[in-house]
Each structure stands twice: as C-alpha cells, then as structure tokens.
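# Remarks on the overall topology
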Amino acid sequence: METDIAIIGAGPAGLAAAAELGRLGAGRVTVIEREPVPGGIPRHCGHSPFGMREFHRILGGQAYAARLAAAAEATGASILCNTTATALQDGPALELTGPEGVFHLQARAVLLATGTRESSRVQRLIGGQKPGGVIPTGALQGLVHLNHQIPFCRPVILGTELVSFSALLTCRQAGIRPVAMIEPGPRILARRPSGLLPRLLGVPLHLKTEIAAIHGRERVSGVTLAGPQGKTHLDCDGVLLTGSFRSEAALLAGEGVDPHSTGPIIDSFGRCARPGYFAAGNLLRPVETAGACWSEGRRAAHAIHAALRGDLPDPSHGVPLTIRSDLIRYALPQVIFTDGPGRHGQIQLRVTRPVHGILSLHQGPMVIASHRINALPERRITMPLPKNLLPDPLILTLEETA
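Before going into details, it helps to say that this report is about the structure given with it. (Residues numbered from 1 in each chain as written. Predicted model: local features only at pLDDT ≥ 70, side-chain atom pairs only at ≥ 80, totals over all residues. Heavy atoms only, no water.)

Our focus in this paragraph is helix H1 (residues 12–24). Spanning 13 residues, H1 covers 18 Å between terminal C-alpha atoms, matching the ideal 18 Å at 1.5 Å per step. Across the 13 residues of H1, 10 count as buried, placing the element largely inside the fold. Against strand S1 (5–8), strand S2 (29–32), helix H3 (61–74), strand S3 (78–80), strand S7 (109–112) and helix H7 (290–308) lie the buried residues of H1. Once H1 ends, the next one or two residues include glycine 25, with phi positive near 70 degrees. (Helix = DSSP H or I, 4+ residues; strand = E, 2+ residues; numbered from the N terminus. Expected span 1.5 Å × (residues − 1). Buried < 20%, exposed > 50% of the residue type's maximum accessible area, 1.4 Å probe, protein only. Contact = heavy atoms within 4.5 Å.)

Written out as structure tokens, the structure is:
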C-alpha cells in the first residue's frame, strides 16, 4: 500500500493533523489506529469538559472523539482501525498488522502520535502479592464507559494528577466508592481546586503516603500504606494506578529517544532523528490536555506540508539544546530553529520538584533570555525563543532563589 502521509494514532493529535493536512491539500492521508474506533483516550472518558478550544462548546469525551474523527474523514483521511504498527522502516515505511494479516505501507512522511500510558505497578516498584484488580485509569474508563463493567467496588486510588480526578469522577459515575486517595508527595499534583473533589465525595486524601504492598490471592483484599504515622493496613478490593505517565515510544526501540521526556528527540518542526518521521501530542512528553495535543497536531500538519514541498531547513542546521540543572526534568524541542512553517515557537519544560527560581537560556558567554518561575512538577512551563540565534549550542539552566 502507498499513501502520502501516514499517521500512527487516532487520538486528538493524530486526528487534528489528519484534518489539517486534508484542509491544506497535502495529499492522501492514512491514519493507523489499533483500537476498533478512533478517538484516543477521550473516547474512554464519560465526563466533560472537552472541545472548547476545538469546537467552541463543551462536549463529553465520546462526543468529542467522534467529532475529531468526523472532521478528519470529512477532509478525505482514511482511518484504518484494528490495525497496529509493528515496525518503523526507512523510506519512510511501516510494517502493519491488521485483520487480514501483515502488510506494509509506504509513505512520503509519517507522523507518530501514539500518545502516552500510565506507569505499571512494576515501574512504580510496589511490592506484595499479585492479585487481580490492579488497573490503570485507561483500563477503568474502558471497562466502565465502553464495556459497561464494574471492576471493583472499594478501590484505593494512587496519585493526584489531573487524570486521578478524572478516575475519581469515573468511579462516581459507575457507583464505585473509593476508600482512599493516596499521594506520595506533600501536596496534590493537579491544580489546587481539584483537592476539593475527594472531600466533596467523601474520599479520604492521604498525603506523604505510599502504597508499600498489595495483598490478596485472586483479588485485592487490602494494601499496606507507608505514611507519616508509619505502616498501616487498609482494606480494599482494588488498586487504581493513576498518572506517572510515560510516552508510548516502543516503536522507536530506544532510537532517538530522550531519557528525560521519555519521548522522541525532535527539532522545532517535530522532526525525529529518522528522516521522514515527525512526532506530535503526548508522545513528546507526558502529559498534556487533549486540547493542547490537538493544537500540536495541527502545527505538525503545517510542518509536514512544508517538508513535502521542500520548504523546511536542513535538519543539520539546527542548534542543539542542553539542560544543565537537576531542577529541570525535561525540555523540548531538543534541536532549535527560529524560523520556518509549523515551528514550535517556544521551549516546553517541566521541573523535578516545586521550585522558585530564574530560568535562563545561554548561548556562548551570553544569557539571551531569562525569567522568574514559580513552578510545580506537573505544570508545563514555556519559554519563548529569541528571534536570532548564533550557531553555538543552547544551554538551559534553572537557579533556585529564596
């Protein structure tokens, strides 16, 4: 099979890119989606708000996902569902597996928009037994909203990121009554008003507390908590693992992956290390809202369209960005251009812990940009790029202040 642009992932970023590429007249667009229905994570969400930025109205997750897919198909995109990309090849080309077996798709450009996933119990280093009933938010939402099943009645929720409160709302909609919400840090990670939700729903919130062990044979029967008062036992019938996202970058097989962001190394146009490949959305870094991913998908469409016309600068002319601070968790794009269509016009970064400080961008002996920040680990920070850069490498620093 052949196409002009192949997009792996039919979430907000991939579908937005498909719709915009169609509007631009960039050529044939083929979207690859491993699930039976396009829409990505929002399709699993039974709550609002989605769609204000994109459609100027408040939508539930499933309605929002359906609108994104309809917009892409309306511009001529072909969406192949129940199809999984198993390998990236030079060309670019893709090895795919679908209902009719293995086949290959040749393209002029490929956009990777595979999104993100929550860390597993193993990655979180939670000990104890291995009973059933330990699931991430995505599995909960799929079971409740798509399969109409109830996986447990009295779970413990681990995490306080934005997705954790989405999980709490899903539990409420399904009649599930969590017995506690657990946060290892000293405060919730989502924006402050979110902390009122557990209290309103009667769910105890335990800060500075970790799940030390999970107990049960066939099903979860309880957990051991380690907190300010030492170790305690809490009866429950499930554990809901929320947040602690990682980029879904398995297709890259470690090639051109940034260990800090867990996603691909990209330049200002979203180009990956392998020629012909671009990346957008939550694959780049975990994790942003559906609306932010939609915007990145549209931006990527303009970059890909320009690339197909030969209007992007040579990748070797970019200026590399290096982090020199333990306070900075990641920063992207990792290779900077200051001009061109479909360009990231700013540096995105996050910090490793709560910090007040001065963020500075250095080039040679000069500080070319700086500003004060007051940041938390799960909040996106942006830094506009200066118009003119020297060919010297860029250094990003963060100095903590009192």
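Attention now goes to the nonpolar core. With 36 residues, the main nonpolar core has Ile5, Ile7, Leu21, Val29, Leu111 and Ile304 as its most contacted residues. Elements that contribute at least two residues to this core include exactly S1, H1, S2, H3, S7 and H7. The biggest single contributor to this core is H7, with eight residues. Residues within four places of isoleucine 5 in sequence aside, it is in contact with Leu21, Ala26, Arg28, Val29, Thr30, Ala109, Ile304 and Leu308. (Core = buried A, V, L, I, M, F, W, Y, C linked by side-chain atoms within 4.5 Å.)

On to the pattern of salt bridges, then. What the rule picks out here adds up to 15 salt bridges. For glutamate 296, the salt bridge identified is with arginine 285, shortest N-O distance 2.8 Å. Of this pair, glutamate 296 sits in helix H7 while arginine 285 sits in the loop between strand S19 (277–279) and H7, placing them 11 residues apart in sequence. Arginine 285 shares its class with glutamate 296; the two are buried. (Salt bridge = Lys/Arg side-chain N within 4 Å of Asp/Glu carboxyl O.)

A few words on unusual backbone geometry. As a rule of thumb, non-glycine residues mostly have phi less than zero, and peptide bonds are mostly trans rather than cis. Cis geometry is adopted by the peptide bond preceding proline 92, which originates at glycine 91 and carries an omega value of 0 degrees. Cis peptide bonds are those with omega within 30 degrees of zero, and the linkage from proline 286 to valine 287 qualifies with -5 degrees. By secondary structure assignment, the location of valine 287 is in the loop between S19 and H7. Positive phi outside glycine occurs at serine 244, with the angle close to 50 degrees. Note on placement: serine 244 falls in the loop between strand S17 (238–241) and strand S18 (245–247). On the basis of relative accessibility, which here comes to 32%, the residue serine 244 falls in the partly exposed class.

In this section: the sheet that holds strand S14 (residues 210–215). A sheet is described by the order of its strands in space; here four strands give the open sequence S9-S14-S15-S16, paired in mixed fashion. Each edge of the open sheet carries a strand with a single partner, namely strand S9 (127–128) and strand S16 (230–235). Summarising the sheet, S9 and S14 pair through two bridges and their orientation is parallel. Each bridged residue has a counterpart across the sheet, and for glycine 127 the counterpart in S14 is alanine 213. (Pairing = 2+ DSSP bridges.)

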